[in-house]
Amino acid sequence: MDVVEMLRQTREKKNSRPITFSAPMVRYSTLPFRMLCHNHGCDVVFSPMIVAKGFNKSEQFRNIELQTDPLERPLLVQFASKDAEEFVTASEYVVNQCEGVNLNCGCPSKKVRKVGLGSALLDKPELIADIIKTAHSRLGEKQNFSVSAKIRLLPDQGETIELCKRIEKMHSDFIIIHARNRFQRDHETPNYEMMSLIRDSIQIPIVANGSIFNQQDWELYKNKTRCEGVMSARGLLKNPGMFEGSTLTKPEYVQELWDLIKKHKASHPKYETTKKMFSHIANDLLTKNDRILLLQCKNEEQLEKFLSERDLLN
Ligand SMILES: Cc1cc2nc3c(=O)[nH]c(=O)nc-3n(C[C@H](O)[C@H](O)[C@H](O)COP(=O)(O)O)c2cc1C
């Protein structure tokens, strides 16, 4: 259950499979989706990004934003914050619900950056360092509990390496790197070369992220960057069984997610999000016309009828 130990062991064992992570995804990486990923080959699952300020303010917000289950663990919880005390306070609320906390330094959304969160932190390496250092000094004693950062590359190679070294020096247990900078679009090729240079510069484990859709993709990362972990977002939305070797999504995943949402009803957000989630997971099982029809379902009953008629639900 110690994520850091899992990553270290992978490094020591040659030719071993990297530790697999489901990525933080606003709206989508709720408890039912995390359980599905956990059941199908994800070694570690991630909460969506949670804004620490709101989380600290109200119990109601905390209950809505984060619901967990011992069966999904190891779980990491990600916070957006620009203040060390605020990050630690939020982390203290979740310390018994998860195996670690992560600082979001990568979200490129304008709305998030405008308030100084997400990838805005990449312009302030000293602030990232302060948050990680403070969190480590206050939470580092807790066993099996990690503190880490998720970053994107910077446009400048030297600055990226400096940032990673700084994060390591502040005792981040590992670092998650989306192998693109914040100006790059998700379809652009990840920068494996820069990842390899980072590997040569730091000792802490690296979790590589960016366009991992199948086994070849994660093997490419492992070979090119010598990372200890791999993380997927869109790949798992398309095929939640990707990390257990399934090459295509399966009707069973649709049924399982449906059952998990029913079971953990309160933890799942609005119907519109549920519908979109099914449109991703069932995408490759449907015809083009059916994909359009799915998105036209107006409520849960219609969606259930639609999926049942296509033999995706019992
Ligand atoms: C719907 C969606 C929501 C996301 N939400 C978050 C988030 O909450 N926190 C975060 O660090 N990254 C978030 N990301 C970025 C992913 O974690 C990941 O870094 C990015 O999608 C690249 O990985 P991929 O190529 O496997 O999709 C999100 C991505 C998607 C597609």
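Data block above holds the structure.
Along every chain, residues carry numbers that run from 1 in the direction the sequence is written. Local features in a predicted model are, by the rule used here, given only for residues with pLDDT of at least 70; side-chain atom pairs are given and counted only at 80 or more, and totals for whole chains, interfaces and linings are based on all residues. Note: side-chain values were computed over all heavy atoms of the structure, leaving out hydrogens and water.

Enquirer: Help me get a handle on helix α10 (residues 215–225), residues and values and all.
Expert: Note on exposure labels: buried denotes an accessible area under 20% of the residue type's maximum, exposed denotes more than 50%, and partly exposed covers the range between, all computed with a 1.4 Å probe on protein chains only. Under the scheme used here, helices are H or I runs from DSSP no shorter than 4 residues and strands are E runs no shorter than 2 residues, and both carry numbers assigned from the N terminus. Every buried residue of α10 is listed here: Asp217, Trp218, Tyr221 and Thr225. One side of α10 holds all its buried residues, which, seen down the axis, span an arc of 95°. Set apart from the buried face of α10 by more than 90 degrees, the exposed residues are Gln216 and Asn223. What makes two residues a contact is simply this: any of their non-hydrogen atoms within 4.5 Å. Residues of α10 that are buried make contact with β6 (174–181), α9 (192–201), β7 (206–209) and β8 (229–232). Contacts described as polar in this section are N or O atom pairs within 3.5 Å, which, within protein, must combine one atom able to donate a hydrogen with one able to accept it, while residues neighboring in sequence count only if both atoms come from side chains. For α10, the side-chain oxygen to backbone nitrogen distance between the N-cap and glutamine 216 is 3.2 Å, and the N-cap itself is asparagine 214. Count one or two residues on from α10 and you reach arginine 226, which has phi positive near 55°. Arc definition: it is the arc formed by the directions from the helix axis to the C-beta atoms.

Enquirer: Outline the site of the ligand, supporting the account with residue identities and numerical values.
Expert: For this description, a residue counts as near a given molecule or strand if any of its non-hydrogen atoms is within 4 Å of it. The local shell around the ligand holds 16 residues, among which Gln78, Lys150, Asn209, Ser211 and Arg234 are the closest. The backbone of valine 26 places a nitrogen or oxygen atom 2.8 Å from a nitrogen atom of the ligand. Per-residue and other accessible areas were derived by the Shrake-Rupley procedure at a 1.4 Å probe size, with only the shown protein chains allowed to occlude residues. Across the complex, the protein chains shield 86% of the 610 Å² of accessible surface that the ligand would expose by itself. Across the shell around the ligand, the residue classes tally to 7 nonpolar, 7 polar and 2 charged. Three classes are used: nonpolar for Ala, Val, Leu, Ile, Met, Phe, Trp, Tyr, Cys and Pro, charged for Asp, Glu, Lys and Arg, and polar for all others, with Gly counted as polar.

Enquirer: Lay out the state of the cysteines with the relevant residues and their values.
Expert: Working definition: the covalent bond between the sulfur atoms of two cysteines is a disulfide. Put simply, a disulfide is two cysteine sulfurs that come within 2.5 Å. Throughout the structure, instances matching the rule amount to 0 disulfides. With no disulfide of its own, cysteine 105 has cysteine 164 as its nearest cysteine by sulfur position, at a separation of 10 Å. Of all cysteine sulfurs, the one in cysteine 164 lies closest to cysteine 227, which takes part in no disulfide; the gap is 13 Å. Judged by its relative accessible area of 3%, cysteine 227 falls in the buried class.

Enquirer: Which residues make up the packing of helix α12 (residues 251–263) against helix α15 (residues 300–309), and what are the values?
Expert: Look at α12 against α15: their axes get within 12 Å of each other, and the N-to-C directions meet at 155°. When the axis of α12 is compared with that of α15, the two are roughly antiparallel. When the axes of α12 and α15 are compared, the crossing they make is left-handed. Contact residues: α12 offers Val254, Trp258 and Lys262, while α15 offers Glu300, Leu303, Glu304 and Leu307. Note on geometry: axes are C-alpha line fits, over the in-contact stretch for helices, and angles between N-to-C directions span 0 to 180 degrees. An angle below 35 degrees is treated as roughly parallel, one above 145 as roughly antiparallel, one from 65 to 115 as roughly perpendicular, and anything else as oblique. Two helices that cross are described as forming a left-handed crossing if the nearer one is turned anticlockwise from the farther one by less than a right angle, and a right-handed crossing if clockwise.

Enquirer: Could you give an account of the sheet that holds strand β1 (residues 19–22), naming the residues involved and the relevant values?
Expert: Pairing is parallel in the open sheet, where 8 strands are placed in the order β1-β8-β7-β6-β5-β4-β3-β2. Strands with a single pairing partner mark the edges of an open sheet, and in this sheet they are β1 and β2 (45–51). Within the sheet, the average angular offset between the axes of one strand and its neighbour, ignoring direction, is 25°. As defined by bridge partners, strand β4 (residues 100–105) adjoins strand β5 (residues 146–153) across 6 bridges and the pair is classed as parallel. Bridge assignment links valine 101 to a residue of β5, and that residue is valine 147. Helix α7 (residues 125–139) rests against β4 and β5 of the sheet, and its axis sits at about 165° to β5. Along the sheet, α9 makes contact with β5, β6 and β7, crossing β7 at roughly 175°. Here a strand pair is declared whenever DSSP counts at least two bridges between the two strands.

Taken by themselves, the reported measurements are silent on function.
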